[in-house]
Structure formats: structure tokens, C-alpha cells
Amino acid sequence: MDCRVKIFVVLFLLCAGFFLNGCITYQIARYVEGDEVVLPDDGRLQVGETTLSEVLALLGAPDNVAKVGLEDLLVYERALLYRNRIKVGIPIPMSSFIRTSFDASAYGTLVRYDSLALFFNSEGILSHKTFQQGSSHPFFKTLFSSNQ
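Remember, predicted model here, so these are calculated numbers, not experimental data.

Let's talk about a nonpolar patch on the surface
- Residues Phe-8, Val-9 and Phe-12 make up a contiguous nonpolar surface patch of about 330 Å² in total accessible area.
- For Val-9, the location among the structural elements is in helix H1 (residues 2-19).

The structure is reproduced here in C-alpha cells:
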């Protein structure tokens, strides 16, 4: 039912803007924060074998570093933000001296995170790794969340 209401509102705004000599704008925005995050498939990240210095040479500096218990955590993360916005403006002449307008706008935002987390033991050896693509939350928010 909620979808029908949204469709009705969008159609109403489009028709009102068209028939009442208004202005309609539609904006699509895409923002990227961070470098591309990929999990190397060629076997260069082996749990129990790969060292911290090898990972830093391969992937470069991480976006976040943390200490979790006795382990060191390196997080490589990229955020992708998609935003769509529609705006309708309808001029309403009150008199020849006073002009006003009706403006209505709506927008939707979607943020997705690609995360690679690498855990290293006290000797600097990779103990485990995790890769998540298209997550709705950043890695640290899900790691320390009580809703797991």
C-alpha cells in the first residue's frame, strides 16, 4: 500500500508541474569515499602464513587500525553513496506585485560499504580475514554492535 501512495504523489507532482507551468528537476548523485577494496584471489593472503609487512606492501596503508584483544586489526573500506532527488516548483501568482511559489521535493539515499578486515596475531601473522561487499553498515559499526 505504501508503494501506491508514493507512486500517486510522484505522478501528482509531475502532473501539477506540467499543467501549472512549473519546473521539475531530477538529480542523480553518486559519491565514492575511499579506494577500491578487493580481496586478492591469487593466494597472496594466506591465513597462518602472510605477515603484516607483506600485507602492507601488497595493499598499502589501511583506512583504520585497531587493537582487538591481543590481535591487530587492519580495515580497508570504501563507501558508495547513491542519491536520487526530485523537486517540483509551481509558481502561484497572487497579484502583479506579489509572487510566491509552491515547492515540493523528495529524495532517497543509499550507502553501501565494501570492507576488507585483516586480523594479525601478536607475531604479526595473518590469523583470519573477512571481506564484505555491499554492506549497509561500516565494518566497525557491525564489529562492535550488540545486535549480533
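Description of the confidence of the model for the chain
- Predicted confidence across the chain gives a mean pLDDT of 79, with 78% of residues reaching 70 or more.
- Element-level pLDDT for the chain is lowest in helix H3 (residues 139-143), with a mean of 67, against a maximum mean of 89 in helix H2 (residues 52-59).

Observations concerning the environment of Ser-122
- Of note, Ser-122 is situated in the loop between strand E4 (99-120) and strand E5 (126-135).
- Along the chain, Ser-122 and Glu-71 lie 51 residues apart, while their C-alpha atoms are 6.1 Å from each other.
- A polar side-chain atom of Ser-122 sits 3.2 Å from a polar atom in the side chain of Glu-123.

Here we look at the pattern of salt bridges
- With the rule as written, the count across this model stands at 2 salt bridges.
- Ionic pairing is found between Asp-114 and Arg-78, a salt bridge with its closest N-O pair at 3.1 Å. One end of the pair, Asp-114, is in strand E4; the other, Arg-78, is in strand E3 (residues 71-93), with 36 residues separating them in the sequence. Each of the two residues, Asp-114 as well as Arg-78, counts as buried.

About the criteria used
- Residues numbered from 1 in each chain as written.
- Predicted model: local features only at pLDDT ≥ 70, side-chain atom pairs only at ≥ 80, totals over all residues.
- Heavy atoms only, no water.
- Patch = residues over 30% accessible without salt bridge, like charges linked within 9 Å, V, L, I, M, F, W, Y side chains within 5 Å.
- Areas by Shrake-Rupley, 256 points an atom, 1.4 Å probe, with all protein chains shown as cover.
- Salt bridge = Lys/Arg side-chain N within 4 Å of Asp/Glu carboxyl O.
- Helix = DSSP H or I, 4+ residues; strand = E, 2+ residues; numbered from the N terminus.
- pLDDT = per-residue confidence, 0-100.
- Polar contact = N/O pair within 3.5 Å; in protein donor to acceptor, adjacent residues only side chain to side chain.
- Buried < 20%, exposed > 50% of the residue type's maximum accessible area, 1.4 Å probe, protein only.

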